[in-house]
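Next come the chains, spelled out residue by residue.
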Amino acid sequence: MSSFSDNNFVKKLGELNNTQQSIQTLSLWLIHHRKHSKTIVQVWLREMQRVRPSQRLTFMYLANDVIQNSKKKGPEFTKDFATVLPEAYKISTKDADDKIKKSVDRILGIWEERAVYSKHFIDQIRLSKPGVQNTEKATPPAKRKKMDEMPSLREEIEAMPKDENPVVPDAEELVKRLADLEHSASSDAAVREKIAALPPDVSDINHLSKITDKETAVKLFRQVEDACILLSEYNFRLNAELEERKQVGKMLRDFLTSQKDQVVKGEEKLQESKQRLEKVGAVRQELMSHIRNLPDLSKLPDIDGGLAPLPSAGDLFSL
């Protein structure tokens, strides 16, 4: 990859367009140069102020990709972007149409759902929107309408039917499947780099008009075929990962439900045990009081030597 400099970054931002390939390519380059994260964030914010509203949305998409895909390599971008996001949100929604504003709000919603940033911080970002007063008593932002949106993974899991007699997942199996997800398709940096490195020609239909000879057409056709195979396989893996995440999510839901039931039962047993302890304690106190009221046997006459002999009949009549 090319070395990092302000000028290189500004040039790449100028070439950035609203396609997944363009955004991922620049995102990977930035993550590779994450040691310059502070400079990258400042240049990103500065250049955002210079572009048209529609391009500002692309800048937000870029930030989203960098923030989410750099977490496993380090927290630099998550922390450094946090210092400018309120201002960036204000810039990206200024003079923007409703469609752009909705898309920017959707990015914030994703960060909140995936716990990239705290709900409190996301609310503070929303309050920086032009025309919204940043006060403690400010009206909370209206909930996003989801009629035209895909439900989140959490919503899909919660909507899954609950079995009448669910099987409680084994804890070890659940931990193993969670660990396996760390190596799933979305974490495959090598494949993502291959996709980002695909030539723009394979995804730009306008390039076909520039082909003038059969050799070039055949070469492009092979590139397109290779790209289709790569993307199809990756999409298959992503779909499999999504289904696995749904199943693991359902397992987590059932496991948490069973743990909550166990907590309730444990509290009931604890309360029952406390009541028994109180009863035993009361018996103990009563027994101790009873023991204290018993006569002291040590004060009775000593009878170890035997009782005095009774008088004989002769002794009785001799009187």
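For clarity, every value in this text was computed on a predicted model and none was experimentally measured.

A. Summary view of the nonpolar core. Counting residues in each nonpolar core, the largest one holds 41 residues, and the members touching the most others are Phe9, Leu30, Trp44, Leu62, Phe81, Trp111 and Tyr117. Of all elements in the fold, only α1 (6-15), α2 (20-32), α3 (37-48), α4 (53-69), α5 (76-82), α6 (85-93), α7 (98-113) and α8 (119-127) reach the threshold of two or more residues within this core. The biggest single contributor to this core is α4, with seven residues. Apart from residues no more than four positions distant in its own chain, Trp44 is found in contact with Phe9, Leu13, Phe59, Met60, Leu62, Ala63, Phe81, Val84 and Ala88.

B. Up close: the pattern of salt bridges. On inspection of all chains with the given rule, the structure shows 18 salt bridges. The salt bridge involving Lys176 is made with Asp180; its shortest N-O contact spans 3.2 Å. With Lys176 and Asp180 both in helix α10 (residues 171-181), this residue pair falls four residues apart, about one helical turn. On the basis of relative accessibility, which here comes to 42%, the residue Asp180 falls in the partly exposed class. Across the salt bridge formed by Arg276 and Glu272, the nearest N and O atoms sit 2.9 Å from each other. On the criterion of helical spacing, the pair formed by Arg276 and Glu272 is a turn pair, its members being four residues apart in helix α12 (residues 214-293). Taking relative accessible area as the criterion, Glu272 reaches 39% and is therefore assigned partly exposed. Counted as one network, the salt bridges with shared partners bring together Glu112, Lys119, Asp123 and Arg126.

C. Quick look at the packing of α7 against α8. Relative orientation of the contacting elements α7 and α8 amounts to 165 degrees, with a least axis distance of 9 Å. Relative to α8, the element α7 lies roughly antiparallel. By crossing handedness, the relation of α7 to α8 is classed as right-handed. Facing α7, whose interface residues are Asp105, Leu108, Gly109, Trp111 and Glu112, α8 presents Lys119, Ile122, Ile125 and Arg126. By residue class, the composition of the contact of α7 with α8 is four nonpolar, one polar and four charged.

D. Seen up close, α7. Its 16 residues give α7 an end-to-end C-alpha distance of 22 Å, which sits within 8% of 22 Å, the value for a rise of 1.5 Å per residue. Along α7, the residues that are buried comprise Ile100, Ser103, Val104, Asp105, Ile107, Leu108, Gly109, Ile110 and Trp111. In this fold, the buried residues of α7 make contact with α4, α6 and α8. With a side-chain oxygen lying 3.2 Å from the backbone nitrogen of Lys99, the N-terminal cap of α7 falls on Asp97. With its phi angle positive at about 60 degrees, Ala115 sits one or two positions after the end of α7.

E. The arrangement of the confidence of the model for the chain in detail. Counting all residues, the mean pLDDT for the chain is 81, and 81% of those residues have values of 70 or more. Element-level mean pLDDT values for the chain span from 61 in helix α9 (residues 153-159) up to 92 in α3. Within the model, pLDDT remains below 50 along residues 134-148, and this stretch shows 16 contacts once partners closer than five positions in the same chain are excluded.

Reading the values: the criteria
Residues numbered from 1 in each chain as written. Predicted model: local features only at pLDDT ≥ 70, side-chain atom pairs only at ≥ 80, totals over all residues. Heavy atoms only, no water. Core = buried A, V, L, I, M, F, W, Y, C linked by side-chain atoms within 4.5 Å. Buried < 20%, exposed > 50% of the residue type's maximum accessible area, 1.4 Å probe, protein only. Helix = DSSP H or I, 4+ residues; strand = E, 2+ residues; numbered from the N terminus. Contact = heavy atoms within 4.5 Å. Salt bridge = Lys/Arg side-chain N within 4 Å of Asp/Glu carboxyl O. Axes fitted to C-alpha atoms, helices over the stretch in contact; angles between N-to-C directions. Parallel < 35°, antiparallel > 145°, perpendicular 65-115°, else oblique. Left-handed = near helix turned anticlockwise from the far one by under 90°. Nonpolar A, V, L, I, M, F, W, Y, C, P; charged D, E, K, R; others polar. Expected span 1.5 Å × (residues − 1). Polar contact = N/O pair within 3.5 Å; in protein donor to acceptor, adjacent residues only side chain to side chain. pLDDT = per-residue confidence, 0-100.

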